[in-house]
Amino acid sequence: MWRITFDHPPLNLIDAGTIGELTGPVGALEQDPKVRVVVFDSAVPDFFLAHYDIGGAAPTRNAPPVTPTGMSPWLDVLARIAEGPFVSIAKIRGRARGAGSEFVLACDMRFASRENAVLSQPEIGLGLVAGGAPTHRLPFLTGRSRALEIMLTGQDYDADLAERYGYVDRAVPDSGLDDFVADVAGRIASFDKTALVEVKNLVGEVSLPAHEQQARTGRAFWASAGRPAGRRRLAAAQERGLGIPGDFEMHMGRHLPGLGAHDT
Amino acid sequence: MWRITFDHPPLNLIDAGTIGELTGPVGALEQDPKVRVVVFDSAVPDFFLAHYDIGGAAPTRNAPPVTPTGMSPWLDVLARIAEGPFVSIAKIRGRARGAGSEFVLACDMRFASRENAVLSQPEIGLGLVAGGAPTHRLPFLTGRSRALEIMLTGQDYDADLAERYGYVDRAVPDSGLDDFVADVAGRIASFDKTALVEVKNLVGEVSLPAHEQQARTGRAFWASAGRPAGRRRLAAAQERGLGIPGDFEMHMGRHLPGLGAHDT
Amino acid sequence: MWRITFDHPPLNLIDAGTIGELTGPVGALEQDPKVRVVVFDSAVPDFFLAHYDIGGAAPTRNAPPVTPTGMSPWLDVLARIAEGPFVSIAKIRGRARGAGSEFVLACDMRFASRENAVLSQPEIGLGLVAGGAPTHRLPFLTGRSRALEIMLTGQDYDADLAERYGYVDRAVPDSGLDDFVADVAGRIASFDKTALVEVKNLVGEVSLPAHEQQARTGRAFWASAGRPAGRRRLAAAQERGLGIPGDFEMHMGRHLPGLGAHDT
C-alpha cells in the first residue's frame, strides 16, 4: 500500500510543479508489480487540494504541452489514475475544489470527513469551463441533474450532501476516518493484484468517459481562460483573496456570485 | 433570469395549447443572448402540471405532427429545454405526473417542496407507454432499477423519496423553497453565459438520450393509446375522475391498480 | 403473478442444478402470454442465495457450455431475466453474495429486509473476478465509484447502506417487507402486459450492458479460477468454512482479508 500526502501549505494549491511531482509516483505505481492500492491525503489543515493555482503564473495564459494520449499533462495524469493498474482512494479532509475536485473524481473511491470536507467545482464562477473532465466524470457518479447542479452553481458541498449526491462514496465522522480508510485500503492490499486490475478495467468499460471527451474539456478550459469574462472574473477573484489564506478560500462558494457584478 | 409560471387551473393540465404556449418562450430563450436561467413554477395549488389532458379531445386519437427534429411537438419542446443554451430549473409544488413529470425531467435541475410535491409516471396504469422519454431520462438520474420501479408501478413519489432516488435533486422544506431556488437561480444568473452553455453541453455528452430513442417513446405512446387495453383503462379512469379535481387526481397512485379490473 | 422460492438449505448455494432448475421457469415466464411479474424469495433463514458452490465440484474446474447467446448458462439465465418479457422482483431476506448478488442485480427491482439482508461480491477476496457481470450492472445502479468499492473490497453491505448506494431500490422493515412487495407486485400484475414489456425494453435501451461485455466477465472468472492466487485463496476459504453453515458464511466480509496471508 502506498500513501501519497499533499503537503504544500498553506493551501495545497495545484500547479505545474504538482503535476510534475504526481507524474513520477503515478508512473511508479503503473510499473510496480506488487502495489495494489494508493491512498491520497493532505497534511495541510482545511485544504485537501485548494484548486489550480490559476492566478499564479504564465501557465494560465498558455495551453500546456500535449502528451502521447493527446491530452494535457493534467488530464493525462488524472486518466492514468482513473485507468491505472492500481486502486486509488482519496481520503478527504478540507477543501477539494476545482482541480482538487477533479483529482478526487479521478480516484476510484472517495471518503470524506463529515465535519471537515468541502467539494466544489467553482470554475463557473470565474467564467471558466472546468478543464479536468468533471463534466464527464460526475454524471457517472451523481447522475445528470446533480452533475449539472454542481457544475453550474459552483456551490460548496459538505460531506453529507456530497454523499447524498454520490459526489463521494461516503461521509465518515472525522474521528473514524483514518481507521475507516485504513481498513478499506488494507482489505484491498490483501487481495490478488491481477484480479483487482481486471475488475477495475471491467467496471471501467461502462463508467469512464472517452479520452477525446476529456480532451475537449481541456480545450474548453483554455478557450474560456482567454475570454474577457474569464479574465475579468479571475481578476476580481484575485482581488478578493483567491489563492491566499482567508475567507475567500474558506468559503469560496459564497463569493462567486459577486465576481461578475460588472458583466453586461 | 426568467420565470415561467403555469397557471391553468384547476389542475394545470397539459394540452396542445400548453405545448404551443411553451414553444414561444422556449424559442425566445434560445435566441436571447443574455438570459442564463429560467425557473418554472406553478400558480395552481396542489398541482405543478397534473398530466397530459389525454381524456380531453381528439389529440389522443391522432398522432401529432412531426417537427424538423423528427420528434413530436411535445418531445421537441422537451429536448429544446434539455439541450438549449440556458439553464432550466423546476420548482415543484404539487403534483407533476405523466407529461408533468416528463417536463421536470427535461429540466436541468428539479427542487421539490418536501411537504407538497408528488411525482409519478402513471401511464402504465392507463395501459399506456409514456411518450415523453422518461424511460430514457430517468436511468441517467436514478439508475436502472429505480427507473424501472417508477415506470412500471406508476406509484406516487413524495419529495423525500424522490430525492433518495435522484428523481429530484433535493427536497426542500416548503417554507424555504422559494429562497432556495432564488439563490440557486441567482447564482447562475450572475455567471458567464458562454461558460454556462459550454458546461451544460459537455455534461450532456454523457447524460442525454439520443433523439431517435426519444422519438421511439412517442411512437410507442401512440400505439399504446390505440390498443384496447389502453382505451379500456382510459375510459375507467375518466369514469373515476381523471382530469377532474378530486381524489383521483390527488392520489392517482392508489387508483391505478383498480383500472384494469376487467382485463383478461 | 409468479413466486419462485429458493429452498435449498442450509445455505441456498447455487450450483449447476440451480441453474438448470431456473432455466425451466424462466423459459415458461418468457412464453406465458399472461404473467406480468415474478417475485423471487428464499425459504432458508439468513440466506437468500449464499453464493455459487464454487468449492462443490468439477464445475468449478471446467468452463461451462456456451448457449446460443454466446454466454454461459449462468449469464444466459441472468440476461433472460434482465431482458425478458416479465417484471422480476427480488425480495431479499438473508445473504445474497457472489452469484446470489449477481442474481438480484439481474432482477428489475430489489427490496431488502432492513434487519436481515446482506449483499456483497466477495469474489475479489477469493482471488476471483466475478463472472456474472456485476461489474457491468452495478455502475447503472450505484454509479462508478460505489460499484468499484463493492467489487474491489468484497465488503458486506447491509440493507440501509445498500439503499444509500442504490445496490437495492429500498430497505424495508422486515415486518413490512412481505406486504410491501405484495403491493408492488400486485400493482404490476394489474397492468397491461404489452405496455409493461415495452416500458421495460425502452428503459433497457440506456441501462443494460452488452452481451459481449457480460460474456467477458464469464471468461475472466474462469481464467481467475485457474490462477494460483485463486486456487490458494479458495483452499484457504474452504478450510475456514466456505459453503458450510457457520461464522464464515454469516460474516464472510470479515474473513476475506485473511485468505491471502501467504501471498507474495
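This write-up is about the structure you can find in this document. (Residues numbered from 1 in each chain as written. Chains lettered and ligands numbered in written order. Predicted model: local features only at pLDDT ≥ 70, side-chain atom pairs only at ≥ 80, totals over all residues.)

## Some words on the interface of chain C and chain B
Part 1 of the argument: Facing the 26 residues of chain C at the interface are 30 residues of chain B.
Part 2 of the argument: For the side of chain C that touches chain B, the elements supplying multiple residues, two or more each, are strand S5 (109-120), helix H5 (139-142), helix H8 (174-189) and helix H9 (193-204) of chain C.
Part 3 of the argument: In the side of chain C that touches chain B, the residues fall into 13 nonpolar, five polar and eight charged. (Contact = placed C-beta atoms within 7 Å. Helix = DSSP H or I, 4+ residues; strand = E, 2+ residues; numbered from the N terminus. Nonpolar A, V, L, I, M, F, W, Y, C, P; charged D, E, K, R; others polar.)

## Remarks on the environment of B:Leu141
Part 1 of the argument: Structurally, the position occupied by B:Leu141 is in helix H5 (residues 139-142).
Part 2 of the argument: Of the residues examined, B:Leu141 has 26 C-beta atoms within 10 Å and is grouped as buried.
Part 3 of the argument: Measuring from C-alpha to C-alpha, the distance between B:Leu141 and B:Trp222 comes to 25 Å, with 81 residues separating the pair along the chain.
Part 4 of the argument: Beyond its immediate sequence surroundings of up to four residues, B:Leu141 is in contact with A:Gly143, A:Arg144, A:Ser145, B:Gly166 and B:Tyr167. (Buried ≥ 20, exposed ≤ 12 C-beta atoms within 10 Å, placed from the backbone.)

## Focus: the relation of the copies chain C and chain A
Part 1 of the argument: Superposing chain C onto chain A takes a rotation of 120 degrees plus a shift of 0.0 Å along the axis, which leaves an RMSD of 0.0 Å. Taken together, the rotation and translation describe the operation of a three-fold axis. (Least-squares fit on C-alpha atoms with pLDDT ≥ 70 in both.)

## Concerning the packing of helix H9 (residues 193-204) of chain A against helix H6 (residues 144-153) of chain C
Part 1 of the argument: With their axes 10 Å apart at the nearest point, H9(A) and H6(C) run at an angle of 155 degrees to one another. The angle between H9(A) and H6(C) places the two elements in the roughly antiparallel class. Along this stretch, H9(A) crosses H6(C), giving a crossing that reads as right-handed. Of the residues in H6(C), those in contact with A:Leu196, A:Val199, A:Lys200 and A:Val203 of H9(A) are C:Arg144, C:Ala147, C:Leu148, C:Met151 and C:Leu152.
Part 2 of the argument: Counted by class, the contact of H9(A) with H6(C) contains seven nonpolar, no polar and two charged residues. (Axes fitted to C-alpha atoms, helices over the stretch in contact; angles between N-to-C directions. Parallel < 35°, antiparallel > 145°, perpendicular 65-115°, else oblique. Left-handed = near helix turned anticlockwise from the far one by under 90°.)

## What to know about the interface of chain C and chain A
Part 1 of the argument: With 30 residues of chain C at the interface, the matching set in chain A holds 26 residues.
Part 2 of the argument: Elements represented by at least two residues in the side of chain C that touches chain A include exactly helix H4 (134-137), H6 and helix H10 (211-225) of chain C.
Part 3 of the argument: Examining the composition of the side of chain C that touches chain A, we find that nine residues originate from one element, H6(C), more than from any other.
Part 4 of the argument: Of the residues that constitute the side of chain C that touches chain A, the class distribution is 13 nonpolar, twelve polar and five charged.

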